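Breakdown of the fold
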Amino acid sequence: MKGLRTIQPYVPGEQPKLKDIIKLNTNENAYPPSPRVIEAWQTFDPKQLRCYSALANPDLVNALADKHQVPSQWITTTNGSDDSLALAFQSFFQSDDSIVFPDLTYGFYSVWCELFHIPYQEVPLAADFTFDLSQLPEKIGGIVLANPNAPTGIGKPAAEIEKLLQAYPDCVVIVDEAYQVFGGESVIPLVEKYDNLYVTRTFSKDAALAGLRVGYGIGGERLTGVIQAVKNSYNPYAVDSIAEHLATAAAKDVSYYEEINQKICATREDFIAALSQLGFITLPSQTNFVLTTHPLVSAQLLFETLKAAAIFVRYFPEKERIANYLRITIGTDEEMDQVVTVLKKVIEETT
Ligand SMILES: *Cc1c(COP(=O)(O)O)cnc(C)c1O
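Now for a description of the structure that goes with this document. (Residues numbered from 1 in each chain as written. Predicted model: local features only at pLDDT ≥ 70, side-chain atom pairs only at ≥ 80, totals over all residues. Heavy atoms only, no water.)

Focus: the pairing of strand β7 (residues 197-202)
Consecutive side chains of a regular strand alternate in pointing toward one face of the sheet and then the other. Counting buried residues in β7 gives 6 out of 6 residues, a clear majority hidden from the surface. What you see with β7 is no split at all: Leu 197, Val 199 and Arg 201 on one side and Tyr 198, Thr 200 and Thr 202 on the other are buried throughout. With 4 bridges joining them, strand β6 (residues 173-176) and β7 adopt parallel strand pairing. When the sheet's bridge partners are listed, Val 173 is paired in β7 with Leu 197. Where β7 meets strand β8 (residues 215-219), 5 bridges bridge the pair, whose relative direction is antiparallel. By the bridge assignment, Val 199 is partnered in β8 with Ile 218. (Buried < 20%, exposed > 50% of the residue type's maximum accessible area, 1.4 Å probe, protein only. Helix = DSSP H or I, 4+ residues; strand = E, 2+ residues; numbered from the N terminus. Pairing = 2+ DSSP bridges.)

Structure representation (structure tokens):
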């Protein structure tokens, strides 16, 4: 047939329907959403669904403006942050020069470049999986950084990103802060000073609302103007009224989320220490997951043994540099204890 598109889609982690599994493969939050979200769910009036959601989601935008201490005009709400990122790729990368991002980063970036016909170049991370920003080509069409990065878990100080914003004033730098609250440094305070900075955020990871599909972008007036024109060219009501109502409640509950996310960070450090006892080498993480490898036991065997024990983690056999690593989301202490028990057994049996 004429005109059909061929494209290799992004492949997300599995969402198995089985009960009683330990799901540590898509970096969802280990804890339930805020009690205020549960309350908001109960007070939502379904009759409201007769109407479209409020254009530009003012309740949510105002709560976020408060939370981040930025003008509400800088915020654009979207259907998950994937939607913010896809919009940003379409809005900011229309030049003929290649955009750049690391060879190991969020798999969606290259998929969007293919989908939207954006030329791109993947810059190799150093051997220790850090990203040397001083080595970027001179003539580029834009930069995309997940900070902290995924699947490495490694973050960059805001000061380094600021240098980049200064070095490339004529192109847009997108900073994807999906994991910032787990130990990264936010560049949102730099938006006021740099009109080439666009930051994306999500409720999926740190607000325990992956199923609700709410994200947002923060940028100055110029970039936000372009983003909103593109958003309003295909889906102005990207955040439905239920999602807006619940996400607004989440945005207002700072203390609950600080508590659970700090707990996740503490669990992460305990887990890294336990892995080290078993001989694993784990990258330092500023996220709610770790990337780890064992010098004597293959990632494939570890992955399959965990899966047989109903523990789902992620591994990337198709990506050569990390083919022998596992990416494990940080769950509750109890879940991580079970992971350690299974890993300990397989390591004792095979080494
Ligand atoms: C999970 C994730 C996202 C987007 O998640 P949404 O659920 O679409 O908000 C964006 N970037 C990175 C690096 C992620 O890991």
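Points about the pattern of salt bridges
Counted according to the given criterion, the structure contains 10 salt bridges. The partner of Arg 213 in a salt bridge is Asp 82, with the nearest N and O atoms 4.0 Å apart. On the criterion of sequence distance, the pair formed by Arg 213 in the loop between β7 and β8 and Asp 82 in helix α3 (residues 80-92) is long-range, its members being 131 residues apart. Residue Glu 162 pairs with Lys 193 through a salt bridge whose shortest N-O separation is 3.3 Å. Placement of the pair is Glu 162 in helix α5 (residues 158-167) and Lys 193 in the loop between β6 and β7, with a sequence separation of 31 residues. (Salt bridge = Lys/Arg side-chain N within 4 Å of Asp/Glu carboxyl O.)

Side note on the site of the ligand
If you check the shell around the ligand, you find Gly 80, Ser 81, Asp 82, Leu 85, Tyr 106, Asp 176, Ala 178, Tyr 179, Thr 202, Ser 204, Lys 205 and Arg 213 and nothing else. Within the contact set of the ligand, an oxygen atom lies 2.6 Å away from a side-chain nitrogen or oxygen of Ser 204. With respect to the ligand, the side chain of Arg 213 contributes an N or O atom lying 2.7 Å from an oxygen atom. Relative to its unbound accessible surface of 390 Å², the ligand loses 93% to contact with the protein. Here the shell around the ligand gets 4 residues from one element, more than from any other, and that element is α3. Partitioned by chemical class, the residues of the shell around the ligand number 4 nonpolar, 4 polar and 4 charged. (Near = heavy atom within 4 Å. Polar contact = N/O pair within 3.5 Å; in protein donor to acceptor, adjacent residues only side chain to side chain. Areas by Shrake-Rupley, 256 points an atom, 1.4 Å probe, with all protein chains shown as cover. Nonpolar A, V, L, I, M, F, W, Y, C, P; charged D, E, K, R; others polar.)

Here we look at the sheet that holds strand β3 (residues 99-102)
Across the sheet, which stays open at both edges, the 7 strands sit in the order β2-β8-β7-β6-β5-β3-β4 with mixed pairing between neighbours. The sheet terminates laterally at β2 (75-78) and β4 (120-123), the two strands that pair on one side only. Each neighbouring strand pair of the sheet contributes to a mean axis angle of 20°, computed without reference to strand direction. Pairing between strand β5 (residues 142-146) and β6: 4 bridges, direction parallel. The residue bridging Ala 146 from the neighbouring strand is Asp 176, located in β6. (Axes fitted to C-alpha atoms, helices over the stretch in contact; angles between N-to-C directions.)

Interpretation note: all reported values are geometric properties and have no functional meaning in isolation.
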